[in-house]
Amino acid sequence: QVQLVESGGGLVQAGVSLRLSCVVSGRSISNYTMGWFRQAPGKEREFVSGIVRGDSTTRYADSVKGRFTISRDNGKNTVYLQMNSLKPEDTAVYYCAARPNILGITSTTTLYPYWGQGTQVTVSS
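As the structure is a computational prediction, the values presented were derived from the model and not from experiment.

**Considerations on the state of the cysteines**
Consideration 1: Overall, the coordinates contain 1 disulfide when judged by the stated rule.
Consideration 2: Sulfur-sulfur distance for the disulfide between cysteine 22 and cysteine 96 comes to 2.1 Å. What sets the handedness of the cysteine 22 and cysteine 96 disulfide is the S-S torsion sign, and at about -80 degrees it is left-handed. Here cysteine 96 lies in strand 9 (residues 92-100) and cysteine 22 lies in strand 3 (residues 18-25), a separation of 74 residues in the sequence.

Set out below in structure tokens:
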């Protein structure tokens, strides 16, 4: 079965950077669209970024454009989210998600069947 494990979260000061990692086991990510989502306390889960299978085409939520970068290393079966210029409003649990057999990126949470357990990112002011 496909399993996703996130890491790299932590408690940081506003303005600094973090890099999240998502290691996938059970299947190669080369045939999956990968996404990052986040959920803040009392809020709905929201789309952050996605990257299509097979190439480097990406999408970003307006709130993170210019600050966050998604990338993938198929050899390591790992997806990354580089987060720069972090703000307190970025505080959330960040989840990695995978969607097989689809060409393209969707921001719809329910269309991703595979999810990691999440990693906490807390940004203080």
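Here the narrative resumes, following the displayed structure.
**Brief notes about the sheet that holds strand 1 (residues 3-7)**
Whether parallel or antiparallel, the strands of a sheet pair through hydrogen bonds between backbone atoms.
Consideration 1: Spatial strand order, 1-3-8-7: 4 strands in an open sheet with antiparallel pairing. Both outer strands of the open sheet, strand 1 and strand 7 (68-73), are each paired with one neighbouring strand and no more. Ignoring strand direction, the axes of neighbouring strands in this sheet form an average angle of 15 degrees.

The rules behind these values
Residues numbered from 1 in each chain as written. Predicted model: local features only at pLDDT ≥ 70, side-chain atom pairs only at ≥ 80, totals over all residues. Heavy atoms only, no water. Disulfide = S-S within 2.5 Å. Helix = DSSP H or I, 4+ residues; strand = E, 2+ residues; numbered from the N terminus. Pairing = 2+ DSSP bridges. Axes fitted to C-alpha atoms, helices over the stretch in contact; angles between N-to-C directions.

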